[in-house]
Amino acid sequence: MERAPETAAPAGQAGRQIGDDGPPQSRGQPRGVFEVDEDAALAELEQAWSDGGYHGFCVLEHSMWCAISSSGEMLTGNTPDGLDQQIRAHWRALQ
């Protein structure tokens, strides 16, 4: 069974893979299996939840996905789906 290549983005070298001595990947090249298009994911989360009172969507260090509720609570997840689950649980608790 093949393993997905590990990726890293050293400062100033975004898009490079560990052990890759070539130039950084362009945006036109496909992402790895587990890489997330952060801008697209944030836009989808904002579109889905902004009318529900959630805002301030962001990603910290490519691993902490955050949103702020209308009451000022910080909701977090390790992935876009994890944040979505936290928002859903918070929203259900308010109903």
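The preceding data block contains the structure.
Summary of the structure given here. (Residues numbered from 1 in each chain as written. Predicted model: local features only at pLDDT ≥ 70, side-chain atom pairs only at ≥ 80, totals over all residues. Heavy atoms only, no water.)

### Thoughts on the pairing of strand β1 (residues 55-60)
Cut-off, in case you're wondering: DSSP bridges decide pairing: two strands pair if at least two such bridges lie between them. Numbering of helices and strands starts at the N terminus; helices are DSSP runs of H or I of at least 4 residues and strands are runs of E of at least 2.
Pairing of β1 with strand β2 (residues 64-68) involves four bridges; the strand directions are antiparallel. Note that in β2 the partner of cysteine 58 across the bridge is cysteine 66. The hairpin formed by β1 and β2 contains three residues between the paired strands, and glutamate 61 there has a positive phi angle of roughly 55°.

### Overview of the sheet that holds β1
To be explicit about the condition: Axis definition: a line fit to C-alpha positions, over the contact stretch in the case of helices; interaxial angles, taken between N-to-C directions, run 0 to 180 degrees.
Taken in spatial order, the three strands make up an open sheet running β1-β2-β3, and their pairing is antiparallel. Of all strands in the sheet, those bounded by a partner on one side alone are β1 and β3 (74-77). For this sheet, the mean inter-axis angle between neighbouring strands, taken without regard to orientation, is 20°. Relative to β3, β2 is paired through four bridges, and the arrangement is antiparallel.

### Thoughts on the environment of tryptophan 91
Rules: Using a 1.4 Å probe on the protein chains alone, a residue whose accessible area is under 20% of its type maximum counts as buried, one over 50% counts as exposed, and one in between counts as partly exposed. By the convention used here, residues are in contact when the closest approach between their heavy atoms is within 4.5 Å.
Positionally, tryptophan 91 belongs in helix α2 (residues 80-94). Classification of tryptophan 91 as partly exposed rests on a relative accessible area of 37%. With sequence-adjacent residues up to four places away left out, tryptophan 91 is seen in contact with Trp49, Gly52 and Tyr54.

Remember that the coordinates give geometry; whether it matters functionally is a separate question.
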